[in-house]
Amino acid sequence: MPVKPNKSKIRIAVVGVGNCFSALYQGFAYYEEHKEEDVPGLMFKDIGGYAPTDIDVVAAFDVDRRKVGLPVGRAIFSKPNCARIFMPEVPAGPVVQMGNVLDGVSDYMLAQPEDEAFRISDAKPIDIVKAIKDSKADILVNYLPVGSQEATEFYAQAAIDAGVAFLNCIPVFIASNPVWEKKFVDAGLPVVGDDMRSAFGASILSQVLQELAFDRGFSVDFHQQINIGGNTDFNNMMVQSRLASKKTSKENVIRAQNDLRGIPVVKNSLFAGPSTYIPYLKDNKVAYFNLRLRGFGDAPVDLDIKLSVQDSENSAGVVIDAIRYLQVARELGVVGALRGPSAWTQKTPPQQMTYADSKAACEALAKRKLL
Ligand SMILES: NC(=O)c1ccc[n+]([C@@H]2O[C@H](COP(=O)([O-])OP(=O)(O)OC[C@H]3O[C@@H](n4cnc5c(N)ncnc54)[C@H](O)[C@@H]3O)[C@@H](O)[C@H]2O)c1
């Protein structure tokens, strides 16, 4: 069912008040303050009539005792968060409510030193569906730790039961899983996922390098993308059993460019994934790329690149766009997994696209047109 277009603000509820949400929430204040200036960091100023700051956080759920019970404006600066503080003064916002722990917290994270660990609150979990409904949210944004299969399914179902759209920023497959997509279609709701593709991150760089090689007639014999970082996400991914979906998701980005052109991926020629946690780096993620290509007359090309970014801030602009695409889609009555916006903003969308095709689909939706 289409909903009335162009409400003054899009209302979001958030699961996981970690580093990514910290960057997003600070970003709202930052772009509000610089509204009249041409500051970098955002891909689209206008999406279907919505500016980047036309988003209100109306509910937030977490399970860490240092965050639950605090207004989000303070919880984002609580440990173990370590994202850069670029807007120390932010609005207080709603109070963080106690979620359902399920598989969101691993024994490994509980055993970490205080400043790097998760610490479960002894507050009673609230009724999430009721809380989402009471907040009058339009969209639920999922920022749970990697490996939260049950918890993600729980919150995705809560979004459906509460009648809100879902933005799945993590590598648990919801938008790209036809069974889950059908649940959103049946509920008349749009979904975007899975696993954010940061604005200028390792995934988009790997994608365009792979595309460039193929478009220039080269073969790719080897593509390696090694990632290191010191934030909570990298720490959580030290548990190998939680990591599998992240590696699959990262490799999907590269593999898709072969699949779209019918070029087989040679066995053992591809590696993309988080490699280790180095606390000193905090939210600075460093990615090392090595590509070995062959071109004219079989001549070899060997390419080494180092990319160094602030991991959480790098993802926030993409989320600001994905939220607006979801809202515009909802107003147009589009249901299920949004192909273009998912391919543009996520690593594992329901349908992989080239850079140009996914951008074109998003530009059309930004003008309230469907390709
Ligand atoms: N550039 C990026 O940083 C990037 C890119 C792509 C995907 N992601 C993904 O986004 C997700 C969030 O990243 P982050 O850096 O904010 O992680 P984080 O570890 O800093 O935050 C996760 C938060 O979830 C909370 N949590 C754990 N279990 C919960 C539960 N059951 N219910 C509610 N809250 C719970 C934790 O207490 C923590 O506050 C991760 O899965 C990450 O892989 C991040």
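Residues numbered from 1 in each chain as written. Predicted model: local features only at pLDDT ≥ 70, side-chain atom pairs only at ≥ 80, totals over all residues.

Draft legend 1. Highlighting the site of the ligand. Taken together, 37 residues surround the ligand, and among them Gly16, Gly18, Cys20, Gly99 and Gly104 come closest. Elements with a minimum of two residues in the shell around the ligand: helix H1 (19-33), strand S2 (55-62), helix H8 (232-236) and helix H10 (311-332). Broken down by element, the residue count for the shell around the ligand peaks at four residues, all from H10. The class makeup of the residues in the shell around the ligand is 18 nonpolar, 13 polar and six charged. Inspection of the shell around the ligand shows a minimum of three residues originating in each of domain 1 (10-197 + 313-366) and domain 2 (202-311). (Near = placed C-beta within 6 Å. Helix = DSSP H or I, 4+ residues; strand = E, 2+ residues; numbered from the N terminus. Nonpolar A, V, L, I, M, F, W, Y, C, P; charged D, E, K, R; others polar. Domains from an automatic or database assignment.)

Draft legend 2. Expanded view of the nonpolar core. Counting residues in hydrophobic clusters, the biggest one holds 92 residues, and the most contacted among them are Ile12, Ile139 and Leu140. The element best represented in this core is H10, accounting for 10 residues. Other than its neighbours up to four places away in sequence, Ile139 contacts Ile10, Ile12, Val164, Ala165, Leu167, Ile323, Leu326 and Gln327. Within the second largest apolar cluster, five residues are counted, among which are Leu209, Ala213, Val220 and Leu293. (Core = buried A, V, L, I, M, F, W, Y, C linked by C-beta atoms within 7 Å. Buried ≥ 20, exposed ≤ 12 C-beta atoms within 10 Å, placed from the backbone. Contact = placed C-beta atoms within 7 Å.)

Draft legend 3. Focus on the domain arrangement of the protein chain. Domain boundaries in the protein chain define domain 1 (10-197 + 313-366) and domain 2 (202-311). A straight line from the C-alpha centre of domain 1 to that of domain 2 covers 24 Å. With 25 residues of domain 1 at the contact, the number on the domain 2 side is 30 residues. At the level of elements, helix H3 (107-110) and H10 are the ones that each hand at least two residues to the side of domain 1 that touches domain 2. When grouped by side-chain class, the residues that make up the side of domain 1 that touches domain 2 number 10 nonpolar, nine polar and six charged.

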